[in-house]
Amino acid sequence: MGKEKSPEDDLAPRNWSSGKVAVDPISRRRQGAPKKRFQPEELIGTLRHADVLLGQGKKIAEVVKALGVPGVTSYRWRQEFGGISSCEWNRRMFYVLAPRTRERRMLMNWALLRGGHVFTPEDQGVADVLIVGREIGAIGPNLSEPTGIGTGGAFDVSSGIVLPGLIDGHVHVMGASGLRGPATRSTDLQIEHIVSAGVTTVASPLGADSLSRSLSGLLARAAALGCQGITAYCYTGGWRNPVPTVTGDPQMDVAYLDRVVGVKVAISEPLAPGYTIEELCRLAHAAWTGGRLAGKRAVLHAHIGDNPAGLAPIREVQRRTGIPGDRLVVTHVSRNPELWKQALAYSLEGGSIDVTATERPEEGFAEAVLPADAIRDALAGGVAAARITLSSDGGAPYTRVDRAGKVLGQHMVGSGAILRTICELVAGELTWGQAAAFATQNVANLLGLDHKGRLTPGADADVLVLSVEGVVDRVYGCGALLVESGHALVKGSSWGTAMV
Ligand SMILES: [Zn+2]
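This one's a predicted model, so the numbers in the text were calculated from it and none came from an experiment.

J.: What is the right way to read the overall build of the chain from this model?
T.: Check the secondary structure of the chain and you find 17 helices and 19 strands. Taking the contacts inside the chain whose residues are at least 6 apart along the sequence as the reference set, 70% of them involve residues at least 24 apart.

J.: Mind showing me how you'd approach the nonpolar core here?
T.: Here is a general trend for soluble globular proteins: nonpolar side chains tend to be buried in one another's company. Counting residues in each nonpolar core, the largest one holds 124 residues, and the members touching the most others are Val129, Val195, Val202, Leu300 and Val330. Both domains that meet at this core, namely domain 2 (108–164) and domain 3 (166–469), each give it at least three residues. Not counting residues up to four positions away in its chain, the partners in contact with Val195 are Thr200, Ile230, Val475, Gly477, Leu482, Val483, Ala488 and Val490.

J.: For this particular structure, what's the right way to read helix 14 (residues 371–380)?
T.: In an α-helix there are 3.6 residues to a turn, and that puts residues three or four apart on one side. Looking only at helix 14, the buried set comprises Pro371, Ala372, Ala374, Ile375 and Ala378. Axial view of helix 14: buried residues confined to an arc of 160°, hence all on one face. Its buried side turned inward, helix 14 meets helix 13 (337–348), strand 12 (352–356), strand 13 (388–391) and helix 15 (416–427). Positive backbone phi, approximately 95°, marks Gly382, located one or two places after helix 14.

J.: I tried to follow the environment of Gly486 on my own but got confused; where do I start?
T.: Mapped onto the elements, Gly486 comes out in the loop between strand 18 (480–484) and strand 19 (487–488). Between the C-alpha atom of Gly486 and that of Val475, which follows or precedes it by eleven residues, the distance is 8.4 Å. Among all residues touching Gly486, those that are not within four sequence positions of it are Val471, Val472 and Asp473.

J.: Just to check I follow, could you spell out the sheet that holds strand 7 (residues 199–204) for this structure?
T.: Where strands meet in a sheet, backbone hydrogen bonds hold them as pairs that are either parallel or antiparallel. Here we have eight strands laid out as an open sheet, ordered 6-7-8-9-10-11-12-13, and parallel in their pairing. Two strands in the sheet have a free side with no partner beyond their single neighbour: strand 6 (166–168) and strand 13. The sheet shows a mean angle of 25° between the axes of neighbouring strands, direction not considered. Bridging between strand 8 (residues 231–237) and strand 9 (residues 260–267) involves three bridges; their strand directions are parallel. Of the residues in strand 9, the one forming a bridge with Gly237 is Lys264. Across the sheet, helix 12 (residues 312–321) lies against strand 9, strand 10 (299–304) and strand 11 (328–331), angled at about 175° from strand 11, the strand it touches most.

J.: Please explain unusual backbone geometry as it appears in this structure.
T.: Among all residues except glycine, the phi angle is most often negative; among peptide bonds, the trans geometry is most common. Residue Thr120 is joined to Pro121 through a cis peptide bond whose omega torsion reads 25°. Within the secondary structure, Pro121 is located in the loop between strand 1 (110–119) and strand 2 (123–132). Between Asn241 and Pro242 the backbone carries a cis peptide bond, its omega angle lying at 0°. Structurally, Pro242 is set in the loop between strand 8 and helix 10 (250–256). Backbone geometry places His332, a non-glycine residue, at a positive phi of 65°. Here His332 lies in the loop between strand 11 and helix 13. Not every positive phi belongs to a glycine, and Cys478 is a case in point at roughly 45°. Tracing the backbone through its elements, the reader meets Cys478 in the loop between strand 17 (472–477) and strand 18.

J.: Can you help me understand the packing of helix 14 against helix 15 in this one?
T.: The relative placement of two packed helices is expressed as an angle between their axes plus a distance between the axes. In the contact formed by helix 14 and helix 15, the axes pass within 9 Å of each other and the chain directions differ by 50°. Looking at the two axes, helix 14 sits oblique to helix 15. Two packed elements cross with a definite hand, and for helix 14 against helix 15 that hand is right-handed. Along its contact with helix 14, which presents Pro371, Ala372 and Ile375, the element helix 15 presents Thr421, Glu424 and Leu425. Counted by class, the contact of helix 14 with helix 15 contains four nonpolar, one polar and one charged residues.

J.: Looking at this structure, I do not really get the pairing of strand 17. What am I missing?
T.: Successive side chains on a regular strand alternate, one facing one side of the sheet and the next facing the other. With respect to burial, strand 17 is a largely interior element, six of its six residues being buried. Where strand 16 (residues 463–467) folds back onto strand 17 in an antiparallel hairpin, the turn is made up of four residues, including Gly470, whose phi is positive at roughly 90°. Linking strand 17 back to strand 18 in an antiparallel pair, the connection comprises two residues, with Cys478 at a positive phi of about 45°.

What counts and how
Per chain, the residues get numbers from 1 upward, laid out in the order the sequence is written. Owing to the predicted nature of the model, reporting of local features is limited to residues with pLDDT of at least 70; listing and counting of side-chain atom pairs is limited to 80 or more, with chain, interface and lining totals taken over all residues. Every helix listed is a DSSP run of H or I at least four residues long, and every strand listed is a run of E at least two residues long, numbered separately from the N terminus. What counts as a contact is two residues whose backbone-derived C-beta atoms lie within 7 Å of each other. By convention the nonpolar core is taken to be a set of buried residues drawn from Ala, Val, Leu, Ile, Met, Phe, Trp, Tyr and Cys and joined through C-beta atoms within 7 Å. For every residue, the other C-beta atoms within 10 Å of its own C-beta are counted; 20 or more classify it as buried, 12 or fewer as exposed, and values in between as partly exposed. C-beta atoms are placed from the backbone. Boundaries between domains were set according to an automatic or database domain assignment. Comment: arc refers to directions from the helix axis out to C-beta atoms. When DSSP finds at least two bridges between two strands, those strands are taken to pair. The convention used is that axes are lines fitted to C-alpha atoms, helices contributing only their stretch in contact, and that angles between N-to-C directions extend from 0 to 180 degrees. Here the angle decides the label: under 35 degrees means roughly parallel, over 145 means roughly antiparallel, 65 to 115 means roughly perpendicular, and every other value means oblique. Crossing chirality is assigned from the near helix's rotation relative to the far helix, an anticlockwise turn below a right angle marking it left-handed and a clockwise turn marking it right-handed. Three categories are distinguished: nonpolar for Ala, Val, Leu, Ile, Met, Phe, Trp, Tyr, Cys and Pro, charged for Asp, Glu, Lys and Arg, and polar for the others, with Gly belonging to the last.

Keep in mind these values describe shape, not function.
Put into structure tokens, the structure is as follows:
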């Protein structure tokens, strides 16, 4: 092929696992950089020019031609401006290429949400929230519209509740299970189902099946969701022993793969192979030490199954290693009253417990303590709210049963049970902020996601606007409007729909 660049060279963003595009100047020189270098101001100027032409009613093809921005060049620009994140890149390129007003609305430079009841998650009362680019610009009463920073708009949300976008800390974005045969393998969870549930950040484990699914596939799926407008993380590990990894070593995965926020294991699970305590200690250390080497928080994320041993192996790991309980997270713990009792004791001693919002009697968990009851129970028992998180287990197939307990069949669930549980907690006297904290601030603190989970100037503009009844109205992910009037503006891949 000689020194010629193939089109693929332009199409492959580097270091895509991080969601940022880092440009190595030496290898760029080796590949032969394009002669003309666009400066960021020129790029932004070109985008404004696109805006003018679109405003004049020019067709998108004409605009692209007038600007001289063929697709390959657009990818080269992306490589040129190494500091631009995928999220920001998507915003700018969608803006240039936006064929219809829907996408134009998604990618305005600023948005002012006026007069909602704002929970950051602390209660701010009635306030405005200003989104500038991909960040929260300001929060306060009667903010004025910004000038000189491009297109934007003010939106009256005075009848609504404004919260940080939800973080789903256990959701199978690549589908899961297959434990009742190949027909029970669920499919990729699509972006529209995630954002319609108010979720703007996900952390995804492999499910029970790590034979037909791989962690590299999961990283690719997370990268795809990142391109579509949300922020996606993964756990290394899985239901096998030794655990599946990307690099061959779970500690290496945690240390050097930016999207990896922990190590997933399944314990006290009749269907999983089980680990010796020594093996579990090593996996807990992989998260703990790998995270420290990378300068990030990482957790052991332990699926707890139905075996009566329950949390005993985790308690033993904690005793032997001295790793703090807030790094040893146990999930699915409200699935039966006995396990829930153990989880309460664990959290009272500082352990992190993750309540699965979908584990309900009608979803095949006949013994389950209802998620909102479990959380109320924990708070009444003196558990620190910060030790509790709420996730969906979305993307997994659940067994639906009727009131009499008759099995109706299997169906794939989404992230919606989180918001349902938040609404149940609000009906039971928690404020919206207190209830939402279990799936916003608490998860962000647990996983060390500094820019997520709270509405504060400089944080990522992940914003959820609900009606007072708790129905999703608007959702912003990194400042891009993803849901408007309850309808997803982004769509994932399915047969017959445009993918990008
Ligand atoms: Zn799961």
